[in-house]
Amino acid sequence: MPTPTNEAFWLNETYDPTNPLVGLQTIDGGIDGEVVFTSGYYAPGDGGGGEFYWALGNTDTVDNGITFAGNTSAGRWKRVYSGPINVRWFGAKGDTVTDDTVNLQNALDYAVGSLYFPDGTYKITGTGDACLTMTKNVNLLADKSRTTRIVGVGCGSNTSLIKVAITDNGGAGDVRELQIRNLEFLNSGGGKHAIEIAGTMANIQFLMFGCNVHAGTHVDGRAVYCTNMSFGGFENNTFSPGISLVGPGSADGLRVEKNTFLGAAMALILDIEEGSYSHSIEKNVFTNRDGAIHVINGSQVKIRNNQIEHALSNGGVNSGLHECHIWIEGRSYTSEAITIEDNNFGGGSNLKVLMYIDKAKKTFISRNYLIAPGLQSDPAAFDVVFTENSSYNYFEQSNIIVGTQANPRPAKPFPAVIQDSGVGNFGVVQPSSTLNLQNTWTGGDYVKLSDGFVTFLSALNGGNTAPGLIGTFPTGFLPADFSTVIISTSGGPASLALTPAGTFSAASPLPANADVAWYTRFLCENLG
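Along each chain, the written sequence defines residue order, and numbers are assigned to residues from 1. Totals for whole chains, interfaces and linings use every residue, but because this is a predicted model, local features are given only for residues with pLDDT of at least 70 and side-chain atom pairs only at 80 or more, for both listing and counting. To get the side-chain values, all heavy atoms of the structure are used, and hydrogens and water are removed first.

Draft legend 1. Broad picture of the overall build of the protein chain. Each helix is a run of H or I in the DSSP string that is no shorter than four residues. Each strand is a run of E no shorter than two, and both are numbered from the N terminus. Each helix and strand counted, the protein chain has four helices and 54 strands in total. Relative accessibility under 20% of the residue-type maximum defines a buried residue, over 50% an exposed one, and the middle range a partly exposed one, all with a 1.4 Å probe and only protein chains included. Classification of the 528 residues of the protein chain by burial places 54% in the buried group. We call two residues in contact whenever any of their non-hydrogen atoms come within 4.5 Å of each other. Considering only residue pairs separated by 6 or more positions, the protein chain has 68% of its internal contacts joining residues 24 or more positions apart. Note on areas: Shrake-Rupley, 1.4 Å probe, and residue coverage restricted to the protein chains presented here. For the protein chain, the computed accessible surface area is about 20,800 Å², with 51% contributed by carbon and sulfur atoms.

Draft legend 2. Summary view of the layout of surface pockets. As a volume, the largest pocket reaches approximately 560 Å³. Definitions used for this entry: grid spacing 1 Å over protein atoms alone; cavity, a set of points where a 1.4 Å probe fits but cannot get out; pocket, an open set with protein on both sides within 12 Å along at least 5 of 7 lines; lining residue, one with an atom within 4 Å of a point. Contributing to the lining of the largest pocket are 30 residues, with Val219, Asp220, Arg222, Ala265 and Met266 lying nearest its centre. Elements with a contribution of two residues or more to the lining of the largest pocket: β25 (243-246) and β34 (324-328). The class makeup of the residues in the lining of the largest pocket is 12 nonpolar, 13 polar and five charged. Grid points are joined across faces, edges and corners, and a volume is the space filled by probe spheres set on the points. Throughout this entry, Asp, Glu, Lys and Arg are counted as charged residues, while Ala, Val, Leu, Ile, Met, Phe, Trp, Tyr, Cys and Pro are counted as nonpolar. The remaining residues, Gly among them, count as polar.

Draft legend 3. Representation of unusual backbone geometry. Of note, the bond from Ser240 into Pro241 is cis; its omega dihedral lies within 30 degrees of zero at -5 degrees. Along the polypeptide, Pro241 turns up in the loop between β24 (238-240) and β25. Although it is not a glycine, Asn182 sits at a positive phi angle of roughly 60 degrees. Looking at where Asn182 falls in the secondary structure, it is placed in the loop between β15 (179-181) and β16 (184-187). Using a relative accessible area of 18% as the deciding quantity, one classes Asn182 as buried. One non-glycine residue with positive phi stands out, namely Arg367, at about 55 degrees.

Draft legend 4. Looking closely at empty space enclosed by the protein. By the definition in use, this model includes one cavity of 30 Å³ or more. A volume near 30 Å³ is recorded for the largest cavity. Class assignment of the residues belonging to the lining of the largest cavity gives a composition of six nonpolar, no polar and no charged.

Draft legend 5. Molecular detail of the pattern of salt bridges. Salt bridges are counted wherever a side-chain nitrogen of Lys or Arg sits within 4 Å of a carboxyl oxygen of Asp or Glu. A complete count under the given rule lists 10 salt bridges for this structure. Of the charged contacts, one joins Lys163 and Asp129 as a salt bridge, the two residues approaching to 3.9 Å between their closest N and O atoms. You can see Lys163 sitting in strand β13 (residues 160-164) and its partner Asp129 sitting in the loop between β9 (120-124) and β10 (130-134), a full 34 residues away along the chain. The partner of Arg149 in a salt bridge is Glu184, and the shortest N-O contact between them spans 2.9 Å.

Draft legend 6. Structural context of the sheet that holds strand β38 (residues 353-357). Reading across from one edge, β10-β13-β17-β21-β25-β28-β31-β34-β38-β42-β45 is the order of the 11 strands in this open sheet, with parallel pairing throughout. Two strands lie at the open edges of the sheet, namely β10 and β45 (418-420), each paired on one side alone. Going from strand to strand, the sheet's axes swing by 10 degrees on average, the running direction of each strand aside. At least two bridges found by DSSP between two strands is the condition for calling them paired. Looking at chain direction, strand β31 (residues 293-297) and β34 are connected through three bridges and run parallel. Among the inter-strand pairings, Val295 is bridged to a residue of β34, identified as Ile328. For helices, the fitted line uses only the C-alpha atoms of the stretch in contact; every axis is such a line through C-alpha atoms, and the angle between N-to-C directions lies from 0 to 180 degrees. Contacts between helix α3 (residues 101-110) and the sheet are confined to β10 and β13, with β10 contributing the most and set at about 15 degrees to the helix.

Draft legend 7. Layout of the confidence of the model for the protein chain. Mean pLDDT over the protein chain: 85, with 85% of residues reaching 70 or higher. Highest mean pLDDT in the protein chain belongs to β9 (98); lowest belongs to helix α1 (residues 11-14) (47). pLDDT runs from 0 to 100 and stands for how confident the predictor is about each residue. The low-confidence segment residues 1-8 (pLDDT under 50) makes 13 contacts with residues lying over four places distant or belonging to another chain. Note on residues 13-17: pLDDT is under 50 here. Beyond four places in sequence and across chains, it has nine contacts.

Draft legend 8. Molecular detail of the sheet that holds β9. Pairing is parallel in the open sheet, where 12 strands are placed in the order β7-β9-β12-β16-β20-β24-β27-β30-β33-β37-β41-β44. Each edge of the open sheet carries a strand with a single partner, namely β7 (95-99) and β44 (400-402). Sheet topology places strand β27 (residues 260-261) next to strand β30 (residues 285-286); two bridges connect them, and they run parallel. For Thr260, the partnering residue across the bridge sits in β30 and is Val285.

Draft legend 9. Looking closely at the side chain of Arg79. Looking at the element boundaries, Arg79 is found in strand β5 (residues 75-80). As used in this structure description, the phrase polar contact means that two N or O atoms lie within 3.5 Å; if the pair is within protein, one of them must be able to donate a hydrogen and the other to accept it, and residues adjacent in sequence are counted only when both atoms belong to side chains. Within the local environment of Arg79, its side chain forms a polar contact with the backbone oxygen of Gly49, the two atoms lying 2.8 Å apart. In terms of polar contacts, Arg79 uses its side chain to reach the backbone carbonyl oxygen of Gly65, at 2.7 Å.

Draft legend 10. Quick look at the packing of aromatic side chains. Planes of paired rings set the category: under 30 degrees apart is stacked, over 60 is edge-to-face and the rest tilted, where pairs are Phe, Tyr or Trp rings (Trp by its six-membered ring) whose centres lie within 6.5 Å. Tallying each qualifying case throughout the model produces 18 aromatic pairs. Each ring, one from Phe456 and one from Phe504, has its centre 6.1 Å from the other, and the planes form 55 degrees; the classification is tilted. Of this pair, Phe456 sits in strand β48 (residues 453-456) while Phe504 sits in strand β53 (residues 503-506), and the two are 48 residues apart along the sequence. Here Phe504 falls in the buried class, since its relative accessible area comes to 1%.

Draft legend 11. Just α3, in detail. For α3, the full list of buried residues reads Thr101, Asn103, Leu104, Gln105, Ala107 and Leu108. Where α3 is buried, its residues meet β7, β8 (113-116), β9, β10, β11 (138-141) and β13.

Draft legend 12. Representation of the side chain of Ser495. As for its placement among the helices and strands, Ser495 is situated in strand β52 (residues 492-498). Residue classification places Ser495 among the buried positions, given a relative accessible area of 10%. Residues contacting Ser495, with those up to four places away along its chain left out, are Thr484, Val485, Ile486, Ile487, Ser505, Ala506, Ala507 and Ser508.

Draft legend 13. Region of the structure containing the environment of Val151. In this fold, Val151 is placed in strand β12 (residues 148-152). Sequence-distant contacts of Val151, defined by excluding residues within four places in its chain, comprise Thr121, Tyr122, Lys123, Ile124, Leu186 and Ser188.

Draft legend 14. Representation of the environment of Ile272 in the model. Tracing the chain through its elements places Ile272 in the loop between β28 (268-271) and β29 (279-282). You can call Ile272 buried: its relative accessible area is 2%. The contacts of Ile272, once residues within four sequence positions are left out, are Ser250, Ala251, Leu254, His279, Asn297, Gly298 and Tyr333.

Now the structure itself:
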């Protein structure tokens, strides 16, 4: 900026005190570098005023925030500032009633680094893709989300409040460290997503913190709908109904931590590129009607220390496809190494399943507290469902199942009600009907523990006493090698012969009506 050569003066003292920047645009500077001050934009004290200098001969585009026209085309008035751009400098009022759409868009178009929103309710409107579009890597900052709101009024049914669509980042190959902090986004009628993060450039190390975000009325509307993100974080926010982190381009290191989810639709949807890892969903509160977490595609997702409820106040009966809290789908590829641990599950008569595990392998379910009174008396309901596409998943004995109603659960240590159509799953009681028992043998429910050993939970009994075939274990429970194990029977010690093909036979004569004790165990050949 040129050095002023004459004394600065307060413009509103001389020209228009009720509309300071109108006065600015009615004069030219006397000389290059002349400085004037305005006390506001529309009125003194409204936050839009500041210090300006006259740039003689300047022809920069007028944006009515940083650059203003004078009385003639001889130059421009340029704002003097440091730090974040303030939306009030561009004439946004934040008074609830004034439409601030154009002013906010001008601020977004100019801003570099960060854009600051003082306390207020900023009304925006629109019927296209979005009311506001952000095409540059600019942080959106406020002090408190409960007092700084961006509110869409009468938006189109497919219109987002704000769309982040960055296609050029000053020559950089991606967008890094974009932040949105302490803002509330609200649709007062119509609208689809509150925030849509799209564009062709990868968003890396994105952070949304301390925001309160509500989708519009569109049936598919999301608080945040995001593609093409890696190492992004969502912390200490409130979302209604939830967020979607989906492909193409959504990859490693996504974090969703310490948020509260409200509303009817599924709270959190992940659809992550194959080969990406290390995602964290921790310390959140989920109360959504149609479920908490849906992993469409994803591996190495850690779901830990969450409170997962099903609030009747959010619309009653779960209308999701599987009526569950957590759904691991594996739609395009098998999801692997999902961890579900240390969560507290609440339930009611308005859902059928706590965890639905579909095309997944090595899902580890441990140390959860399962409180599901509505499931206990419903014969069609389950704590966990493993589908025929699932294999070698773990349901640990460390899970605690709590209930107050009478129910058909078996006694501890395996009280969970699980539907298992998969292969080789750990910690799930397998019925004797899967053993292909021969020679009049009956009984023999069994389980594969997390250490890889298979053990009987109920006695085999009533079979032929001569050496010979007893039965055959199915795929996923085959013995590791040829072996002979000493067993205890009601008539004394005996031995069983095991083969890698799964057959097990009496290796020595058994006493009449011998019961093979439940603690007979052997190492399984395939741990997945």
